[in-house]
Amino acid sequence: MLTVNAYAATSATDPLTPTTIERRDVGPHDVLIEIKYTGICHSDIHHVRSEWGEATYPVVPGHEIAGVVAEVGPEVTAYVAGDRVGVGCMVDSCRECANCRTGREQYCLKGNTLTYGSIGKDGTLTQGGYSTHVVVNDDFVVKIPDAIALEEAAPLLCAGITTYSPLARWGAGPGKKVAVVGLGGLGHVAVKIAHAMGAEVTVLSQSLKKMDDGLRLGADHYHATSDPETFQTLAGAFDLIVNTVSAVLDLDAYLGLLAVDGAMVNVGAPAEPLSLSVFSLIMQGRSYAGSLIGGMGETQEMLDFCGEHGIGAEVEVIRAEKINEAYERVLASDVRYRFVIDVSTLR
Ligand code: NAP
Ligand code: ZN
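What you see is a predicted model; the values in this text were computed from it and never measured.

Student: Would you take a moment to explain unusual backbone geometry for this structure?
Tutor: Leaving glycine out, the prevailing phi sign among residues is negative, and the prevailing peptide bond configuration is trans. Of note, the bond from Y57 into P58 is cis; its omega dihedral lies within 30 degrees of zero at 0°. Note on placement: P58 falls in the loop between α1 (42-48) and β4 (65-72). A cis geometry characterises the amide bond from R336 onward to Y337, with omega recorded as -10°. Within the element layout of this structure, Y337 appears in the loop between α11 (323-331) and β17 (338-342). For S50, which is not glycine, the phi torsion reads 55° and is therefore positive. For R95, which is not glycine, the phi torsion reads 70° and is therefore positive. Here R95 lies in the loop between β6 (90-92) and α2 (98-101). With a relative accessible area of 31%, R95 lands in the partly exposed category.

Student: Looking at this structure, how should I read the state of the cysteines?
Tutor: Simply put, disulfide is the name for a covalent bond between the sulfur atoms of two cysteines. This model, assessed by the stated rule, comprises zero disulfides. Of the cysteine sulfurs around C97, a residue in no disulfide, the closest is that of C100, at 3.7 Å.

Student: Where do I start with the domain arrangement of the chain in this structure?
Tutor: The accessible area lost on association of the parts is a frequent measure of interface size. Each assigned domain of the chain is listed here: domain 1 (2-158 + 294-346) and domain 2 (160-290). The centre of domain 1, based on its C-alpha atoms, is set 26 Å off from the matching centre of domain 2. Facing 24 residues of domain 1, the contacting portion of domain 2 comprises 25 residues. Summing both sides of the interface, domain 1 and domain 2 together bury roughly 2,100 Å²; the carbon and sulfur share of this comes to 57%. The interface formed by domain 1 and domain 2 includes three salt bridges. Elements with a contribution of two residues or more to the side of domain 1 that touches domain 2: α1 and α10 (296-308). The biggest single contributor to the side of domain 1 that touches domain 2 is α10, with six residues.

Student: Help me understand the coordination of the zinc ion (ligand 2) in this model?
Tutor: For a metal with four tetrahedral donors the ideal donor-metal-donor angle is 109.5 degrees, while six octahedral donors give ideal angles of 90 or 180 degrees. Note on the zinc ion (ligand 2): its protein donors are C41 (SG), H63 (NE2) and C158 (SG). The metal-donor distances range over 2.0 to 2.2 Å. If you list the donors of the zinc ion (ligand 2) from N- to C-terminus, the spacing comes out as C-x21-H-x94-C. Taken together, the residues C41 in the loop between β3 (30-39) and α1 and C158 in the loop between α3 (150-153) and α4 (159-169) connect sequence positions 117 residues apart. The exposure class assigned to C158 is buried, which follows from its relative accessible area of 4%.

Student: How should the site of ligand 1 be read in this particular structure?
Tutor: With respect to spatial proximity, 30 residues lie near ligand 1, and among them H42, L183, S205, K210 and R338 are the closest. Within the side chain of Q206, one N or O atom sits 2.9 Å away from an oxygen atom of ligand 1. Interatomic distance of 2.6 Å between a side-chain N/O atom of R338 and an oxygen atom of ligand 1. The fraction of the free accessible surface of ligand 1 (920 Å²) that becomes covered by protein chains is 89%. Take the shell around ligand 1: its biggest share by element is three residues, from α1. Each of two domains, domain 1 (2-158 + 294-346) and domain 2 (160-290), supplies a minimum of three residues to the shell around ligand 1.

Student: Before we go on, may I ask you to explain the nonpolar core in this structure?
Tutor: Looking at soluble globular proteins, one finds that nonpolar side chains tend to be buried together. Residues I40, Y130, L167, I193 and I323 are the most contacted members of the largest nonpolar core, which totals 92 residues. Per-element accounting of this core gives the leading share, seven residues, to helix α5 (residues 185-197). When residues of this core are assigned to domains, at least three map to each of domain 1 (2-158 + 294-346) and domain 2 (160-290). Sequence-distant contacts of I323, defined by excluding residues within four places in its chain, comprise Y7, L16, I40, Y130, I318 and I341. Membership of the second largest hydrophobic core comes to 15 residues, among which are L204, I241, V245 and L257.

Parameters and conventions
- Residues numbered from 1 in each chain as written.
- Chains lettered and ligands numbered in written order.
- Predicted model: local features only at pLDDT ≥ 70, side-chain atom pairs only at ≥ 80, totals over all residues.
- Heavy atoms only, no water.
- Helix = DSSP H or I, 4+ residues; strand = E, 2+ residues; numbered from the N terminus.
- Buried < 20%, exposed > 50% of the residue type's maximum accessible area, 1.4 Å probe, protein only.
- Disulfide = S-S within 2.5 Å.
- Domains from an automatic or database assignment.
- Contact = heavy atoms within 4.5 Å.
- Buried area = accessible area lost by both parts, 1.4 Å probe.
- Salt bridge = Lys/Arg side-chain N within 4 Å of Asp/Glu carboxyl O.
- Donors = N, O, S within 2.8 Å, 3.2 Å for Na, K, Ca; no water.
- Near = heavy atom within 4 Å.
- Polar contact = N/O pair within 3.5 Å; in protein donor to acceptor, adjacent residues only side chain to side chain.
- Areas by Shrake-Rupley, 256 points an atom, 1.4 Å probe, with all protein chains shown as cover.
- Core = buried A, V, L, I, M, F, W, Y, C linked by side-chain atoms within 4.5 Å.

This is how it looks when you write it as structure tokens:
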């Protein structure tokens, strides 16, 4: 066992505080990772505040992990000490069900093990990347290309794959008009990836405050959703809308922006239910779908794609003691565009 420093939530309402946790001994197929940077995802906030159901405390959040291999088990062949690696939202799955066998471990039929807040196969509660080290089975570790700085790579492990997967599945590319709703952690990476795929990209943000950034990140157009005219001007305009918003939206208004056969994919995961009129779908043969992160093979594919296209997240690196302040800023949509914890400040 290795005792390591971490930051944990002890209830839904108290601030996160420093603590120590135990990491298991390195097993035959395990990789011990010295964590360098961990991104703060809005999902961390939903989870620690028990917005998605009662969490089991203490929670050490963090599923956007970038670091360096410190040690590997005797059966590990893909990694050696010193490799630059990442860990995302999952650390295990059954490997046997139809979904695992087709590379969709995120939809494991027996239930996968999440990086934090899950009971692992050893019966203990998993704890995430707001900590100095983690031990992970080698099938759930990915390589970070040399072209991406570790702090800019960390957010790709969740924000990157969560947006890459639906953009790829729904064919974002040349000739396709893609809208990204919400220019936060997921949204800003979605803009970069959709642009690199060759799509014509529009940002739909609450205001025009971040317009210069949006255009610099690769958007071709930028509109404020607080302006009712936006919904008239852009009616029927898009082949694909990726909704990254963490709150409830007026779905009918956004569905009205889809062209015939267009699809709106929700990756944003508000706690409250969303409702829609079926006529918003029926009248133009539109689809409304959801998407959860991505599989492990696809996560490596996304990182390689980002490496080739020079894509990393736009980050604000913070010391660990600023985590609670960062949470408040994320909730106020005051993030440009991902807070990343410098894990050396936890040592
Ligand atoms: P984030 O950085 O807070 O970004 C969300 C953005 O949504 C904000 O920056 C804001 O953009 C917009 N927004 C926030 N409140 C809004 C409101 N009331 N009305 C309209 N727009 C609003 O969060 P994130 O880390 O990108 O995560 C976004 C959501 O995705 C969260 O619910 C998270 O849990 C979920 N998520 C899902 C998956 C998955 O696998 N499906 C994976 C990761 C995260 P503007 O300021 O530009 O309007
Ligand atoms: Zn996340």
